[in-house]
Amino acid sequence: MRRWRVMLALAVLLAACVPQPAWTDVKSERWWDDAVFYQVFVRSFSDSNGDGVGDFDGLTAKLDYLNDGNPETETDLGVTGIWLMPIFDSPSYHGYDVADYYTTNVQYGSLDSFKAFLAAAHERGIRVIIDFVINHTSVRHEWFRASEDQTAPYGDYYIWQEDNPDYNGPWGQEVWHPSGDRYYYGVFTAEMPDLNYTNPAVTEEIEQVSAFWLNEVGVDGFRMDGAKHMIEEGQQQENTDATHAWWKEYRAALAAASPDALVVGEVWSPTAEMTPYVNNGEMDLVFNFSLAEEIISSVVAGDGRRLGRAIESQERAFDPGNYAPFLSNHDQTRSMSRLGDGWNRAKAAATLLLTSPGTPFIYYGEEIGMTGDKPDPNLRTPMQWNGEQHAGFTTGNLPWSRVQSNYTERNVDLQNADPDSLLSHYRTLIRVRGEHHALRSGLFVPVTGDNNRLFAMLRVAEGESVLVLVNLSDEPISSPVLSWQGSGMKGTYQPRLIFGKAAAEVLTVADDGSVNAFSPVGEVPAWGSVIIQYR
Ligand code: ACG
Ligand code: CA
């Protein structure tokens, strides 16, 4: 409940300062509580110079699509955060093997063009975090070459053995790779040798790199790649005590360099192994992989009750809302493909994502229903802007990757014009989340309903409570009956419909905060979302 009190204190504080400060002046240590993030693969977003590779200038030119900075307009998506997948110098197309932490990928543009992008994003009220891949480097990093040659002081920058330890990695892969007559450890591939974080010199290097990007360049935080793999303890290769201790120390060093920086960890493990990273103050958020799986599979199964229970258990496991909900990322089958390519299911999933506790992340193209399945490059194809050649991603003739073939009937231009499109649904819901602090940081109160196909949840905050209903079936649900307990509410509340179509009823809450057999609306349409504010 710590967060709830912080929010209250903050609200009181803000109300006390007249006039209210602009977002840039608000020194909230938890600005991300109010953010909605958008994950971008620069290579695939927008190509400004026709070489077939997306770049910083192209991204800057598309910023108005993400957020034009004007709260009056409703033509932009309205996101307030961007996560850029790796932008550093790297030999691979994806960039997850860094060759130099101080240089941007030349194909994406210079550091100056990156800074111009950053300034344009900040002007619009968008914060930017960058993918930080520090568990390993590329074999082409100069540190690794010097380490191979055992040149001081780099000999111990990586993990070397004279004899092959000959055990496998966490998912059965080979992790010891030969070089000369020695072996080095690389949890991902032979091209990605793990750095040796038992060597304080390595930690110091990375702390310097971090301070450079935060303070000299001005990014707002990091997405920490492969965060559970930092320090191995023999054959125990993930989530080790040494890894936790390392993050705690590193987080403190970052806070000293930049108190407002956000650290979001990628810890792709079951919930019990994700939570210690945030609950012990090693990171601000982790991506909630369990919840992502639950949202998708509950929508596919049409089981709203199951999803309610899943969120409840996530809220118990984490400090409330201290995670990043999402539907799918660049390592996973795109959500639209998992949802059977159905617009109704995609809209339901979007409602669930954008009303969830935590800081939601949208994967680029998800808002227009882009599809894609493994192998990885197919999950990362060019953004589908319009029906022209190469979907408007490049003016050149050779995009780095083929565009998904459905781009002529599935693109931003077409959905811009359609108020019922998935894109319009995302826009409206991001706006609704922005207007209702109960959806951003209200307490989650589990709601029991009389229909398994209906997802129902209450979010309670100072000044408003919000009820979210999502029908996960092909049939309308008439007069759903709901109950809940211990909401902290009490008395009679007037309803106001803030999303969807329904006639909403007055709500009466008993003195103990419980509600019994309440029927909020006459009907929730098939696959419809209804959101009601009570105050
Ligand atoms: C990151 C990046 C990814 C990148 C790398 C390497 C790391 O997002 O794009 O790949 O820099 C593991 C790692 C993650 C890693 C993925 C790709 N992601 O932990 O850090 O691999 C299991 C394992 C996980 C594993 C996951 C997927 O536990 O550790 O992630 O499988 O392989 C339930 C269970 C959960 C289980 C899942 C899935 O949820 O709870 O434990 O996870 O089911 O079974 C880059 C490129 C790639 C390239 C690679 C070499 O992007 O294209 O292939 O480099
Ligand atoms: Ca490691």
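See the structure above.
Let me sum up the structure you'll find in this document.

So, how was this worked out
- Residues numbered from 1 in each chain as written.
- Chains lettered and ligands numbered in written order.
- Predicted model: local features only at pLDDT ≥ 70, side-chain atom pairs only at ≥ 80, totals over all residues.
- Heavy atoms only, no water.
- Helix = DSSP H or I, 4+ residues; strand = E, 2+ residues; numbered from the N terminus.
- Buried < 20%, exposed > 50% of the residue type's maximum accessible area, 1.4 Å probe, protein only.
- Polar contact = N/O pair within 3.5 Å; in protein donor to acceptor, adjacent residues only side chain to side chain.
- Contact = heavy atoms within 4.5 Å.
- Pairing = 2+ DSSP bridges.
- Axes fitted to C-alpha atoms, helices over the stretch in contact; angles between N-to-C directions.
- Donors = N, O, S within 2.8 Å, 3.2 Å for Na, K, Ca; no water.
- Near = heavy atom within 4 Å.
- Areas by Shrake-Rupley, 256 points an atom, 1.4 Å probe, with all protein chains shown as cover.
- 1 Å grid on protein atoms, 1.4 Å probe; cavity = no way out; pocket = protein on both sides within 12 Å on 5 of 7 lines; lining within 4 Å.
- Sits in = over half its atoms within 2 Å of the grid points.
- Nonpolar A, V, L, I, M, F, W, Y, C, P; charged D, E, K, R; others polar.
- Points joined across faces, edges and corners; volume = space filled by probe spheres on them.

### A closer look at the side chain of Ser-138
- Relative to the helices and strands, Ser-138 resides in the loop between strand E5 (127-132) and helix H6 (142-148).
- Assessed through its relative accessible area of 1%, Ser-138 is described here as buried.
- Of the polar contacts made by the side chain of Ser-138, one reaches the backbone nitrogen of Arg-140; its length is 2.8 Å.
- When neighbours within four sequence positions are excluded, Ser-138 is seen to be in contact with Pro-91, Asp-97, Val-98, Ala-99, Phe-144, Glu-191 and Pro-193.

### Notes on the sheet that holds strand E20 (residues 495-499)
- Strand order in the open sheet formed by 5 strands is E13-E15-E16-E24-E20, and the pairing between neighbours is antiparallel. With one partner strand each, in any of the chains shown, strand E13 (443-446) and E20 form the two edges of the open sheet. Neighbour to neighbour, the strand axes of the sheet diverge by 25° on average, direction disregarded.
- Pairing analysis gives 4 bridges linking E13 to strand E15 (residues 454-461), with the strands arranged antiparallel. From the neighbouring strand, Val-445 faces E15, where its bridge partner is Leu-458.
- Along the sheet, helix H13 (residues 343-354) makes contact with E15, strand E16 (464-471) and strand E24 (529-534), crossing E16 at roughly 155°.

### Remarks on the coordination of the calcium ion (ligand 2)
- Within the first shell, the calcium ion (ligand 2) binds the protein through Asn-135 (OD1), Asp-194 (OD), His-229 (O), Met-230 (O) and Glu-232 (OE), at distances of 2.2 to 2.9 Å.
- Here the donor residues for the calcium ion (ligand 2) map to a single chain with the spacing N-x58-D-x34-H-M-x1-E. Of this pair, Asp-194 sits in the loop between strand E8 (182-185) and helix H7 (200-217) while Met-230 is found in the loop between strand E9 (221-224) and helix H8 (241-257), placing the two residues 36 residues apart along the sequence.
- In this structure Asp-194 comes out as buried when scored by relative accessible area, which is 0%.
- For Met-230, a relative accessible area of 1% puts it in the buried group.

### Observations regarding the site of ligand 1
- Not every one of the 21 residues close to ligand 1 is listed here, only the nearest: Lys-228, His-229, Glu-266, Asp-331 and Asp-376.
- Within the side chain of Glu-266, an N or O atom sits 2.7 Å from an oxygen atom of ligand 1.
- A distance of 2.9 Å separates an oxygen atom of ligand 1 from a polar side-chain atom of His-330.
- Considered on its own, ligand 1 offers 940 Å² of accessible surface; in the complex 68% of this is hidden by protein.
- Cavity membership is defined here by more than half of the atoms lying within 2 Å of grid points; on that basis ligand 1 lies in the second largest pocket.
- Class assignment for the residues of the shell around ligand 1 results in 6 nonpolar, 7 polar and 8 charged.

### Quick look at empty space enclosed by the protein
- Considering all chains together, one arrives at 2 cavities of 30 Å³ or more under this definition.
- Put simply, the second largest cavity is a space of about 40 Å³.
- Put simply, the parts of the chain that give the lining of the second largest cavity at least two residues each are helix H12 (335-338), H13 and helix H15 (422-435).
- Residues belonging to the lining of the second largest cavity are distributed by class as follows: 7 nonpolar, 2 polar and 1 charged.

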